[in-house]
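# Architecture and fold: a report
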Amino acid sequence: RSLFLDGGHVRDRQDRNHRMNRHEVTSQLFRSAGYDPTSGVLELEYRNGACRRWLAVPAKVYQAFCAAADADAFFRSSIEGRYLSLRGGLSLRRGV
């Protein structure tokens, strides 16, 4: 059993993983994306396998990223540098 700290609360990692819906991304930079609407965490897996999480990303920004004709350009203009990010993806699940 694996526990983590989420907003000051200790939670089961498996429970957190369940909320993160992951999908493949058509992108030169990214392989897959996941988003937790409860916490606003956007998790992106780079093509090289590295992961990064962006915090407090509004659902509308995530939806626009998914719908963008050029996900990489949208990421650079609307996500990168605008939201706090952390290296590593604790909730990464390889189901894509």
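First, a word on what this report is: a plain description of the structure on this page. (Residues numbered from 1 in each chain as written. Predicted model: local features only at pLDDT ≥ 70, side-chain atom pairs only at ≥ 80, totals over all residues. Heavy atoms only, no water.)

### Observations regarding the overall build of the chain
Within the chain, the regular secondary structure consists of three helices and seven strands. In the chain, the order of α-helices and β-strands from amino to carboxyl end is β-β-α-β-β-β-β-α-α-β. When the 96 residues of the chain are sorted by exposure, 36% land in the buried category. Pairs at least 24 apart in sequence give 40% of the contacts found in the chain among residues at least 6 apart. (Helix = DSSP H or I, 4+ residues; strand = E, 2+ residues; numbered from the N terminus. Buried < 20%, exposed > 50% of the residue type's maximum accessible area, 1.4 Å probe, protein only. Contact = heavy atoms within 4.5 Å.)

### Some remarks on the nonpolar core
Where a protein is soluble and globular, its nonpolar side chains tend to be buried together. Membership of the largest hydrophobic core comes to 15 residues, with the highest contact counts inside it found for Leu42, Leu44, Trp54, Phe65, Phe75 and Ile79. Of all the elements in the fold, those that place two or more residues in this core are β4 (30–36), β5 (41–46), α2 (59–67) and α3 (71–78). If we ignore the near neighbours within four places in the chain, the residues touching Ile79 are Leu42, Trp54, Val61, Phe65 and Phe74. (Core = buried A, V, L, I, M, F, W, Y, C linked by side-chain atoms within 4.5 Å.)

### Some words on α3
Three or four residues apart is the spacing at which side chains of an α-helix point the same way, because the helix has 3.6 residues per turn. All of the buried residues along α3 are Ala71, Asp72, Phe74 and Phe75. Down the axis of α3, the buried side of the element spans an arc of 165°, and every buried residue falls inside it. If you check the start of α3, you find a side-chain oxygen 3.2 Å away from the backbone N of Asp72, and it comes from Asp70. (Arc of directions from axis to C-beta. Polar contact = N/O pair within 3.5 Å; in protein donor to acceptor, adjacent residues only side chain to side chain.)

### Things to note about the side chain of Glu43
Within the fold, Glu43 resides in strand β5. A relative accessible area of 0% places Glu43 in the buried class. A polar contact is formed between the side chain of Glu43 and the side chain of Arg22, at a distance of 2.8 Å.

### A word on the packing of aromatic side chains
Scanning the model with the defined rule gives six aromatic pairs in all. Taking 4.9 Å as the distance between ring centres and 50° as the angle between the ring planes, the aromatic pair formed by Phe30 and Tyr46 counts as tilted. Placement of Phe30 in strand β4 and of Tyr46 in strand β5 is noted, with a sequence separation of 16 residues between them. By way of ring pairs, the aromatic residues Phe30, Tyr46, Trp54, Phe65, Phe74 and Phe75 are connected into one cluster. (Phe/Tyr/Trp six-rings, centres within 6.5 Å; stacked < 30°, edge-to-face > 60°.)

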